[in-house]
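Residue-level listing of the chains:
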Amino acid sequence: MKGTIHNEGTFLANIAKNLGRPLITEGISPPVWKNAPQREVLKHATPNDLVEELQEQCKRVHTDFHLTDTTQVKHRLNQVIEQLGNGPLIIPNDDRFSEYELDELLLEKDTFVWDHHAGRKNIEKAERANIGITFSEMTLAESATVVLFSSKDHGRSISFLPSCHISIIPKSTIIARMTQAAAAIRSKVARGEVVPSCINFITGPSNSADIEMDLVVGVHGPIKAVYIVIEDK
């Protein structure tokens with residue numbers, strides 16, 4: 001974030017006073033714990049092992065799983081779109097659709113591309129869309145979770161408001177669990193990179209077990225989720 005923080009010193013000094021200790025502003029480093037079990041989960045898993053784990057977890061979160069390669073991804077995406085009832089579609093303004101040669105297919109469909117100049121119109125298009133299609137930035141094999149970075153070209157509504165969500169997952173984005181995702185985001189901050197104002201961790205379709213622990217899938221949106229894993233080029 002860029003901007004000016006007002007009264008920071010006074011605010012922190014007041015907290016330190018109430019904690020009964022002096023204000024500490026430097027020489028702070030994260031503790032090094034003797035045991036770190038969170039780093040042991042799937043520690044030795046190969047990329048293929050992670051794909052298998054992701055596929056297994058998809059069964060548990062009611063998400064359809066497809067594995068394909070760059071030569072077949074267009075055909076597979078078209079199949080999935082047709083199975084979900086076709087458009088309208090909404091997608092982020094993302095160069096990866098061209099990189100994987102999917103733009104021509106999407107042009108043939110009733111597809112709206114997120115346009116930050118359009119303002120509220122983007123949300124209205126997302127509300128009316130049958131399918132939102134995104135690329136996963138990181139994918140957690142342990143929980144079948146896709147990680148989406150919001151930006152001016154990728155609004156949160158794309159994966160929340162349409163009836164269905166298709167997430168395209170390059171195999172290289174698949175990591176073990178939340179531990180690795182948090183470390184990757186922390187590294188971005190340490191390098192001074194701009195971190196998205198909203199990072200979404202999405203696990204399958206919407207669901208709830210609030211009422212007497214009975215699982216209900218598709219309580220709001222999306223009611224259907226599909227993951228398409230692509231073998232990297």
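Small disclaimer: the values here were computed from a predicted structure and weren't measured. (Residues numbered from 1 in each chain as written. Predicted model: local features only at pLDDT ≥ 70, side-chain atom pairs only at ≥ 80, totals over all residues. Heavy atoms only, no water.)

**Details of the nonpolar core**
Phase 1: Formed by 21 residues in total, the largest nonpolar core has its most connected members in Leu77, Ile133 and Ile166.
Phase 2: Among the elements of the structure, α3 (73-83), β2 (89-91), α5 (103-108), β4 (131-135), β7 (164-170) and β12 (224-230) are those that each provide at least two residues to this core.
Phase 3: The leading source of residues in this core is α3, at 4 residues. (Core = buried A, V, L, I, M, F, W, Y, C linked by side-chain atoms within 4.5 Å. Buried < 20%, exposed > 50% of the residue type's maximum accessible area, 1.4 Å probe, protein only. Helix = DSSP H or I, 4+ residues; strand = E, 2+ residues; numbered from the N terminus.)

**Quick look at the packing of aromatic side chains**
Phase 1: Throughout the structure, instances matching the rule amount to 2 aromatic pairs.
Phase 2: Note on Phe97 and Phe135: the rings are 5.0 Å apart at their centroids and 75° apart in plane angle, and the pair reads as edge-to-face. Of the two residues, Phe97 sits in helix α4 (residues 96-99) while Phe135 sits in strand β4, which places them 38 residues apart along the sequence.
Phase 3: For Phe97, a relative accessible area of 3% puts it in the buried group.
Phase 4: With relative accessibility at 0%, the residue Phe135 sits in the buried group.
Phase 5: Relative to Phe135, the ring of Tyr100 lies with its centre 5.7 Å away and its plane at 25°, an arrangement referred to as stacked. Of this pair, Tyr100 sits in the loop between α4 and α5 while Phe135 sits in strand β4, and the two are 35 residues apart along the sequence. As far as the burial class goes, Tyr100 and Phe135 line up, both buried. (Phe/Tyr/Trp six-rings, centres within 6.5 Å; stacked < 30°, edge-to-face > 60°.)

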